[in-house]
Structure formats: structure tokens, C-alpha cells
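In case you want the letters, here they are:
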Amino acid sequence: MIEIIDLHKNFGKNEVLKGIDLTIDSKGVFAILGPNGSGKTTLIKSILGMVLPTSGEIKINGSSIKKNWEYRKSIDYLPQIANFPANLRVKELFKMIKDLRKCPDYDETPYVKRLGLEPHLDKRLSNLSGGTKQKVNLTLTFLFDSPFIILDEPTTGLDPAALIILREMIQEEKDKGKIILVTSHIMNFVEEISDEIVFLLEGKVYFRGSGDDLKEETNQPSLEMAIANLLKETEYA
Amino acid sequence: MLKILKYSFFDLIRSRWSYVYLIFYFLLSVVLLFLNPSLSKAILTLMNVIILLVPLIGTIFGVMYYYNSKEFTELLLALPIKRSSIFLGQFFGVAISLSLSLILGLGIPFIIYGIFNSTAILEFSLLILLGTFLSFIFSGISYYIALSNENRIKGFGFAILVWLFMAVIYDGIFLIALNMFSDYPLDKFALIASLSNPIDLSRVMMLLKLDISALLGYTGALFKNFFGSNMGSIIAFCILVIWTVFPILALKIKSAKKDF
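This section reports on the structure supplied with the text. Predicted, not measured: the structure shown is a model, and the values here were computed from it.

1. Focus: the overall build of chain B
Right, so step 1: Scanning chain B for helices and strands turns up 11 helices and zero strands.
Right, so step 2: Sequence-ordered secondary structure for chain B, helices as α and strands as β, is α-α-α-α-α-α-α-α-α-α-α.
Right, so step 3: Against the globule reference of 18 Å for 260 residues, chain B gives a C-alpha radius of gyration of 20 Å, in line with a compact fold.
Right, so step 4: Taking the principal axes of the C-alpha coordinates as reference, chain B spans close to 60 × 45 × 30 Å.
Right, so step 5: Put simply, 80% of the contacts in chain B that link residues at least 6 apart link residues at least 24 apart.

Structure, rendered in C-alpha cells:
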């Protein structure tokens, strides 16, 4: 369970989060949407403890995350831009992250096979293409089987085949009863995988509900149109 | 923290620059030993190079390592690891690999030359010890500066400025002050001023050990009195330790408050 209570965050004079209240207590895939600069990444980084909130509280499974780091054992995070130490090989990176998370027994081989990473295992990370790096990143995210998964723009750089595998992987994790947070600008992807949509606007939760609710509310045939409509509306309001 | 230290250290010793740095010291020592018939003269020349170069390289490595590993640091921050462990681990990785380059680069030629059988062993050990202190102090300061400045150019510029101040400008101001107030008794001022800059402090300690304090004139005699006593040496080392610990503490506090 994730509870966010009246979360504010200022970067200097710039108010990014202006009082977010959000409780996620059921399993499923939650899409966090919003225009550029609406605070999606800041919200996610606050949950991970990378950004320290100005005020407000975040609780994971009932206990506050402030000055706590062990709660991160229950979160798998896929960052937006993945940059790894250039001197490392893919195999060594897997070993290192497993070592750092203190779970050396997890086996990445099924994910490596599935995403077609075998030929790259001995390559240095600096020589990988953007899409391959993202696959490495995905493997690292799904490997540890934690109850919470946070994916920031998981589709970046993936080819259509990998995209299908990503969808399957998210579906499998969902079936295991996990809570998955996703941000994406690809609406088809969001529509297909998400159970609920949280729409952020100017640092607040503007809408929360299912995709169908959103379509109904805005009178639009597709989620893409509904979101575009929502953005247009707020721009002129 | 030890795990992060281990990975940072191995990442660094695999990089080209560590070897360049090591080979530079190696060649420098070989050339100096070859040209100088006396060991203490070689050590003196080496000291003049080290006292400026070690802080400069420490500064550059500290800043560069922070900015280069920034994205990876963000990856680590999302893992169940304590924040201070990440930054302290990385800092010690940088400082230890720099010190190791220095120790090996200077140590191997001198050992081959036969330092263990000579009377200059104490002077040489002090040189290595001071070089290690300076590596820690300056990589710590610059790592802290990099952590405080998001902008790379600003961070780099500021770190170099600190080095320039400590290595050059400080001495300039010091000399001008000595000159301007030469009518007053300045020995205490001179002593305190040299104690409060780690580069000056290292230089004075080394010069006194090499027994050429006569070059320093009257103040030199005072310095010899101070540093020659047990108390003086202990105070000097305490100040070096404070200079080492201070950036590490600042680093710890800063990293706990920063957003990524």
C-alpha cells in the first residue's frame, strides 16, 4: 500500500508538487499521466526517497519513508534515462546490482533469454545501443520480484517486438498481485496495460479513475483524444 | 559502504587515468633518482612537485568522478542502500585509488633504488604520508564542491579556484602581509598562517624534516622549535586529520539534504 498525504515540493521558487493526496491500496497497474513538467518524475522520485519533500508524508505499507532506506527493498525502479558505468560489462552489472541488493541468488537468465540479451552479455555497457540498454534496465527492474514496481517511461527505445514482451511481463507481474506504477506518453500502451489512471496537472491530482471514465467524462472515443482534450481544456481555462 | 567503495575503486583502477597518473610518478621518481646523486635532494625536488600536483590531481579527479558517475549514482539511490554509504563509498574509492597511484608510483622506484637501506627512509615515509593526506583532503573538498553544484562548469571552476587559492594565492597574500607588517612581531602569525593551510603545512613539515630550515631564516628557527617538539608534530598531524575529516563530514551532511 502506498499512501501520499498532502505532498509539497519546491525547487527553489518553483513549486512542482502542490499538495498531492493519493492512496493506492489495491493491486494493479496505475498509470501516472500528465503534461511535461506536471511533476510525474518528481512524485516518483519522492516515493523512492531521491527527492526530499518540502512538506507532506509518504507511507509505504503503513510506515513513513522519512529517514528510512530499508523500505526500498520492496520497490523495483526503472529510471527514465539509464546510464551505467561505462567500463562494466553487462554480466558484471547484473552481478553487481544483485550483490548491492544482497540477493545474489536471483537468476536473470530467463529475462536475458526473453529479451534476447545473450549476445550482449560480454559487451561493455558503453557500446550498447539505447534500446539494448533499456532491455538491460528492464531485466534489472523485473529481476528482484518486489511487491512494488515503478516504471518511468519503460517504452523508451524499445522495438515493437520488445514492446510486446514488456506488456506480457507487466501483465505477469500484475497477476502476481503487485502494485505497478507506470508513466508514459504512449497512450495506446497506457490504455492497454493500465487499470487506473492518475492524471497530474500543475502539481496536483486532477483526475483519478479508469480509462473508460476518462473517455466518458471528456466525450472522446480514445484515451489519446481524451488526454489531449483534457490538456487543451486546461490550457484555455 | 564497503561494497560501494569496492566497486568505485575497481571502476577507477580500470580507467586509463589512474595508470597515466601512476606512470607519471614512476617516471618522475626514476628520472630524479637518476639525475640526483643524493637521496634527500631527490626527495626535496619530488616534494616541490608533489605539494602542488597531488592537490591539483585530487581536485580534478574528485570533481570528474562525481560528474561522470552521476547517472549511476542515481541508479544506486533507488536501491536499498543508505545515502551516506553511497557518497562516502564513492569518495573513499577515489581517494584510495589516487593514494595508491602515488604510493606505488613513488614507492617502486625508491624501493628498487634501495630506500630501505638508506638514512632517508624517514623523510621518504613522511613524503608519502603527506601526499596521501593531501590526496584525501583535496579529493574530499572537490567532491563536496561537485555535490553542491549541479552545473559542471561551475563546479569544476570553483574546485580549481580552491586549489589555486590554497596552492598559490594564499602564499601570495601571506608574503604580502609579512612584508607590509614587517615592523611588528609576526612569528606567531606566520606559524598560525602556515598551520591553517594544508599545503603550506605539508611543505613546512617536509622542509624541517629535510633539515634545511636554515633557509627559512628567523621564522625557520621558530618553526623548528615548534615542529621539532613532540607537541608541535602532534598538533600538525591533528590539523591534517581535521582537514581530512572536515570535507567528509560536510559531504555526509550535504548528501543527506540533496534532491536527485
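2. Considering the pairing of strand β8 (residues 179-183) of chain A
Two faces make up the sheet, and in a regular strand the side chains alternate between them.
Residue and element names in this part refer to chain A.
Right, so step 1: The buried count for β8 comes to five of five residues, which makes it a mostly enclosed element.
Right, so step 2: Bridging between strand β7 (residues 148-152) and β8 involves five bridges; their strand directions are parallel. In the strand pairing of β8, Leu 151 is matched with Val 182.
Right, so step 3: In this fold, the crossover linking β7 to β8 by way of helix α5 (residues 160-175) has right-handed handedness.

3. Describing the interface of chain B and chain A
Right, so step 1: Contact with chain B, which involves 24 residues of that partner, is made by 26 residues of chain A.
Right, so step 2: Among the residues chain B hides against chain A, the three largest losses belong to Arg14(B), Pro80(B) and Asp259(B). Together they make up 25% of the total.
Right, so step 3: Counting across the interface, chain B meets chain A through four salt bridges.
Right, so step 4: Put simply, Asp99(A) and Lys6(B) hold a salt bridge, and the shortest N to O gap is 3.7 Å.

4. Here's the deal with the sheet that holds strand β4 (residues 55-60) of chain A
All names here are of chain A.
Right, so step 1: Read from one edge of the open sheet, four strands run β2-β1-β4-β5, paired in antiparallel fashion. Of all strands in the sheet, those bounded by a partner on one side alone are β2 (14-24) and β5 (63-64).
Right, so step 2: Bridge count between β4 and β5: two bridges; the pairing is antiparallel. Bridging from a neighbouring strand, Ile 60 pairs with Ser 63 of β5.
Right, so step 3: Contacts from helix α1 (residues 40-47) reach β1 (2-11), β2 and β4, with the element oriented near 120° to β1.

5. A few points about the nonpolar core
Right, so step 1: Counting residues in each nonpolar core, the largest one holds 149 residues, and the members touching the most others are Ile4(A), Leu93(A), Val136(A), Phe142(A), Ile170(A), Leu106(B) and Phe227(B).
Right, so step 2: Of the residues forming this core, the biggest block, 15 residues, is contributed by helix α6 (residues 121-148) of chain B.
Right, so step 3: Dropping the residues within four chain positions of it, Val136(A) is found in contact with Phe84(A), Val90(A), Leu93(A), Phe94(A), Leu117(A), Leu125(A) and Leu128(A).
Right, so step 4: Grouped together as the second largest cluster of nonpolar side chains are 13 residues, Met187(A), Ile197(A), Phe199(A) and Ala226(A) included.

6. Topic: the side chain of Gln90(B)
Right, so step 1: With respect to the element layout, Gln90(B) can be found in helix α5 (residues 83-113).
Right, so step 2: The residues contacting Gln90(B), other than those within four sequence positions of it, are Ile4(B), Ser8(B), Tyr65(B), Ser69(B), Thr73(B), Leu76(B) and Tyr143(B).

7. Here we look at unusual backbone geometry
Residues and elements named next belong to chain A.
Right, so step 1: Unlike most non-glycine residues, Asn 61 shows phi in positive territory, near 50°.
Right, so step 2: Structurally, Asn 61 can be placed in the loop between β4 and β5.
Right, so step 3: If you check the backbone angles, Glu 202 has positive phi at about 45° while not being a glycine.
Right, so step 4: As for its position among the elements, Glu 202 is in the loop between β9 (196-201) and β10 (204-209).

Here is what the cut-offs are and how they apply
Residues numbered from 1 in each chain as written. Chains lettered and ligands numbered in written order. Predicted model: local features only at pLDDT ≥ 70, side-chain atom pairs only at ≥ 80, totals over all residues. Heavy atoms only, no water. Helix = DSSP H or I, 4+ residues; strand = E, 2+ residues; numbered from the N terminus. Rg over C-alpha atoms; globule rule 2.2 N^0.38 Å. Contact = heavy atoms within 4.5 Å. Buried < 20%, exposed > 50% of the residue type's maximum accessible area, 1.4 Å probe, protein only. Pairing = 2+ DSSP bridges. Right-handed = clockwise from strand over helix to strand, strands pointing away. Buried area = accessible area lost by both parts, 1.4 Å probe. Salt bridge = Lys/Arg side-chain N within 4 Å of Asp/Glu carboxyl O. Axes fitted to C-alpha atoms, helices over the stretch in contact; angles between N-to-C directions. Core = buried A, V, L, I, M, F, W, Y, C linked by side-chain atoms within 4.5 Å.

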